[in-house]
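So you can see what is in the structure, the chains are spelled out below.
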Amino acid sequence: MIISLRRMTYDDLKKNLKKEDKVVVWACNNCIKFRDGLGGRESMNKLADKLEQDGYDIVRRELIGASCLLDLVRKRRTDEAAAKAFEESTVILPLTCEDGYDNVKHVFSDKKVLNLTKTIGLGVFSTKKGMCVNYPFEGTGLEPSVDGITLTEAAKKMGLHSGPY
Ligand code: SF4
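Summarised in this report is the structure supplied together with it. Bear in mind that the values here come from a model prediction, so they are computed numbers and not experimental data.

### Section: the overall build of the protein
Consideration 1: Along its length, the protein carries six helices and eight strands.
Consideration 2: Of the regular secondary structure in the protein, the N- to C-terminal order runs β-α-β-α-β-α-α-β-α-β-β-β-β-α.
Consideration 3: Relative to the globule expectation of 15 Å for 165 residues, the C-alpha radius of gyration of the protein, 16 Å, shows essentially globular dimensions.
Consideration 4: For the protein, the spread of C-alpha atoms along the principal axes amounts to about 45 × 35 × 25 Å.
Consideration 5: Counting across all 165 residues of the protein, residues that qualify as buried make up 48%.
Consideration 6: Put simply, of all contacts in the protein between residues at least 6 apart along the chain, 61% involve residues at least 24 apart.
Consideration 7: Accessible area of the protein: about 8400 Å², with a carbon and sulfur share of 49%.
Consideration 8: Both charge centroids of the protein, one from 27 positive and one from 24 negative side chains, sit 2 Å from each other.

Written out as structure tokens, the structure reads:
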């Protein structure tokens, strides 16, 4: 499974938004939701609710099966139910891995798309340790480990953040 961590804190995310922005929270409903809740419906709603409580205008909550499928991302933009909200939106917040982010940035090149996650490698869920990274990507500075490195540990080593926004 692809493992991603948060690049920033919730407060840092807000520094990238203006009060007049029209915000779409976009979440992948696949690998990223199986770690400690960075993607998926629950995480999407949690972030959108927090931003609404802080006075931001959330114009769309978009849950997608796999944001790494470019055609699927393209179809979402033109979907009748969503097109109007996407048209008026100014900012998109993708809760996806970096592949998913790249597709959103490509399809919504006229919008500000925030890069909220860093994809660090491949991992599996351990019943003892929770979601772990076992095969970190080159450049992460993490060592491969059959037992796995917990996401809290990986985040600490890389100056990133575990857990949802
Ligand atoms: S976009 Fe990333 S997190 Fe979502 S299904 Fe594809 S690889 Fe997994």
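Still more ground to cover, so stick around.
### Focus: the nonpolar core
Consideration 1: Counting residues in hydrophobic clusters, the biggest one holds 23 residues, and the most contacted among them are L13, V25, L47, L51 and L93.
Consideration 2: The set of elements that each furnish at least two residues to this core consists of α1 (10-15), β2 (22-28), α2 (40-53), β3 (57-64) and β4 (91-95).
Consideration 3: In contact with L47, not counting residues within four places along its chain, are Y10, L13, V25, L93, L95 and Y165.

### A few points about α2
Consideration 1: Between its first and last C-alpha, α2 extends 20 Å over 14 residues, near the 20 Å set by a 1.5 Å rise per residue.
Consideration 2: On its buried face, α2 sits against α1, β2, β3 and β4.
Consideration 3: Once α2 ends, the next one or two residues include G55, with phi positive near 95°.

### Details of the pattern of salt bridges
Consideration 1: For the coordinates displayed, the defined rule picks out 13 salt bridges.
Consideration 2: As a salt-bridge pair, E62 and R60 come within 2.6 Å of each other at their nearest N and O atoms.
Consideration 3: The class for E62 is buried, based on a relative accessible area of 4%.
Consideration 4: With a relative accessible area of 23%, R60 lands in the partly exposed category.
Consideration 5: Of the charged contacts in the structure, one is a salt bridge between E153 and K157, with a shortest N-O distance of 3.5 Å. Of this pair, E153 and K157 are both found in helix α6 (residues 151-158), four residues apart, which corresponds to roughly one turn of the helix.
Consideration 6: Connected through salt bridges with shared partners, the residues D11, K14 and D54 form a single ionic network.

### Notes on the site of the ligand
Consideration 1: Taken together, C28, N30, C31, I32, A66, S67, C68, C97 and G100 make up all the residues around the ligand.
Consideration 2: Considered class by class, the residues forming the shell around the ligand number six nonpolar, three polar and no charged.

### Brief notes about the side chain of E62
Consideration 1: In this structure, E62 sits in strand β3.
Consideration 2: Of note is the side chain of E62, whose polar atom sits 2.7 Å from the side chain of R76.
Consideration 3: Setting aside chain neighbours within four positions, we find E62 in contact with V24, V25, W26, A27, M44, R76, A82 and F86.

Cut-off values and rules
Residues numbered from 1 in each chain as written. Predicted model: local features only at pLDDT ≥ 70, side-chain atom pairs only at ≥ 80, totals over all residues. Heavy atoms only, no water. Helix = DSSP H or I, 4+ residues; strand = E, 2+ residues; numbered from the N terminus. Rg over C-alpha atoms; globule rule 2.2 N^0.38 Å. Buried < 20%, exposed > 50% of the residue type's maximum accessible area, 1.4 Å probe, protein only. Contact = heavy atoms within 4.5 Å. Areas by Shrake-Rupley, 256 points an atom, 1.4 Å probe, with all protein chains shown as cover. Lys, Arg positive; Asp, Glu negative; His and termini not counted. Charge placed at Lys NZ, Arg CZ, Asp CG, Glu CD. Core = buried A, V, L, I, M, F, W, Y, C linked by side-chain atoms within 4.5 Å. Expected span 1.5 Å × (residues − 1). Salt bridge = Lys/Arg side-chain N within 4 Å of Asp/Glu carboxyl O. Near = heavy atom within 4 Å. Nonpolar A, V, L, I, M, F, W, Y, C, P; charged D, E, K, R; others polar. Polar contact = N/O pair within 3.5 Å; in protein donor to acceptor, adjacent residues only side chain to side chain.

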